[in-house]
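Structural description and commentary
Here is what each chain is made of, one letter per residue.
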Amino acid sequence: MTSAPRTTRHRRIRGARKPLIAGLAATAALVGAWYATAGASTATGLTVSTTTVSLSAKFPYLSAGYNNSREWTRTATAAAPNGTLRVAWPASDGIHVTPLTAAGKRSGSDTIVKGAKEVGGLVAHNNGFALLTRVSDTNKWKETAAAIVRYTNGKKTFQTKLTGTATNDTSPTLDGQLTWNGTKYGAYFVVHGAGGFADGHFGDKLSYLSSTGKKLSGGWSWGCSHNEGIALHAEMSGAFTSLCFDDWRSGLFVSTGIGAPDVAPVVQREQCWAGYCGGTFPGRTGDLVKSATGRYATAFASRGAASAKKNPDDSSGRGWSVTPKTGTHQVAVAFMKNRNSGPGKAVYLSTTKGTDHVNVRLAPYGKDRLLLSWESVKNATCKAGTCTGTFAGTHLRLIDWNGKFQGADKIVNTRITGDIAVQKDSTLTWASLPVTPSYASALTGASPTTKTLKISRLTVPKD
């Protein structure tokens, strides 16, 4: 099933700020007292160790997003079944994939995917990796195509384009996710119509590939309108579980295997134009985590909904108008009983309206807890959905599967730049930049660069 295209007034811009979403204020009142944005104690059992990895090229780590806000270039860290790691990052000559030991130290030279334009997702294999990225293409918009590239033992084994003239689509920006269930890949990403019913409009696409790069059945060619954020969880059978952030219907939706039709369950109505929804491009959601019992959790930043109603100016009856509740984004978590049911009420975990909360992420912590992370930007001044202010640290905190805090947070002064890898011993690993983030002003001029990355590891005690 498909969503009819929007007008082009919200055309995507590379680096535009994008969303994450929300919950309900009643629950916020119950849990908000547990949390103080900038003054939470750092006395915690969480211990993070860090190693430094030298890079073989300059990594430009900022771009100007919506309202010229500072957008942080995405990396991706992934764990192979044998415990080793890969981290992907962009440079002027392509996407570099750096091999790491299980302890986060460089173990060899980079593999360079030449001509690749963006880190849209990474899967680590024992003998290589698969990367969701963008490559050159020929189309009416002169834009790139989405592609999955697989390397085995240092050599390219396939490159499969996922958009093209045959399907009337391009992908000028991915905002994507790549997952693997041991048999097939699932790639979820943004598309731009280049002909047909969706010409000139933006939607999203879910594609499946075999281990050899062959296109498989399933997924969809056109799902959420102007998807403002993507989450995807690989399932051992059936469709992969997914979430989308739809600007037309204004909110976070469960899109499990059904292309996000108008009847898709709603997690939260939210004002979801570019720059307005929670989080920053390409932070997307706080990921989609599955418990041992089959429940799901996702975390996101939210401005809430003071009011939500059908848009009377939309003759299709599908559009919604949402008035946000706050000017700043708050931290929220939503839970689903299973992949086929609508979510329960989202839980707000912050209520500090003068502080913006960005880059909200979620990862499994052992068997029965979750690691929640976010950045705090205090003394926030906001305009059209984006905020400037003073960076007050990246907060790491444990929660249970009801959203309740399990102790004080640990605050670090670096930013998690992309996906968090879960290693075979449950250790959580991510990449950070060797700089203190700044949200004090808009970005002007060229991006600064770095030639090092910090690899952080949070070891999970055995139960």
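This structure is a prediction, so every number in the text was calculated from the model and none was measured.

1. Considering the state of the cysteines
Disulfides are covalent bonds that connect the sulfur atoms of two cysteines. Across all of its chains, the model carries two disulfides by this definition. Across the disulfide from Cys224 sits Cys244; the S-S distance is 1.8 Å. Handedness of the Cys224-Cys244 disulfide follows from its S-S torsion of about -50°: it is left-handed. Taken together, the residues Cys224 in the loop between β16 (215-220) and β17 (230-233) and Cys244 in strand β18 (residues 241-246) connect sequence positions 20 residues apart. There is no split in this pair, since Cys224 and Cys244 are both buried.

2. Looking at the sheet that holds strand β1 (residues 48-60)
Read from one edge to the other, the open sheet built from four strands follows the order β1-β34-β33-β32, with strand pairing classed as antiparallel. Edge strands, defined here as strands with exactly one partner in the open sheet, are β1 and β32 (421-422). The sheet contact formed by β1 and strand β34 (residues 449-458) spans nine bridges and is antiparallel. Residue pairing across strands places Val48 opposite Leu458, the latter belonging to β34.

3. Description of the confidence of the model for the protein
Of all residues in the protein, 84% attain a pLDDT of 70 or more, and the chain-wide mean is 84. Within the model, pLDDT remains below 50 along residues 1-43, and this stretch shows 166 contacts once partners closer than five positions in the same chain are excluded.

4. Quick notes on the pairing of strand β11 (residues 155-161)
With six bridges joining them, strand β10 (residues 145-152) and β11 adopt antiparallel strand pairing. Paired with Ile148 across the strands is Thr160, a residue of β11. In textbook terms, the turn of a hairpin is the stretch between consecutive antiparallel strands, and for β10 and β11 this stretch comprises two residues, one of which, Asn153, has a positive phi near 50°.

Reading the values: rules and limits
- For every chain, the first residue of the written sequence is number 1, and numbering continues from 1 along that sequence.
- It should be noted that, the model being predicted, local features are given only for residues of pLDDT at least 70 and side-chain atom pairs only at 80 or more, the latter also being counted only at that level, while totals for whole chains, interfaces and linings use all residues.
- No hydrogens and no water enter the side-chain calculation; it runs on all heavy atoms of the structure.
- When the sulfur atoms of two cysteines come within 2.5 Å, that pair is taken as a disulfide.
- Helix and strand definitions here come from DSSP, where helices need a minimum of 4 consecutive H or I residues and strands a minimum of 2 consecutive E residues; each element is numbered from the N-terminal end.
- Three labels apply to residues, based on accessible area from a 1.4 Å probe with only protein chains included: buried if under 20% of the type maximum, exposed if over 50%, partly exposed otherwise in between.
- Pairs of strands are assigned from DSSP output, requiring at least two bridges between the strands.
- Each residue carries a pLDDT score, the predictor's own confidence in it, on a scale running from 0 to 100.
- Any two residues whose heavy atoms approach within 4.5 Å at even a single point are treated as in contact.

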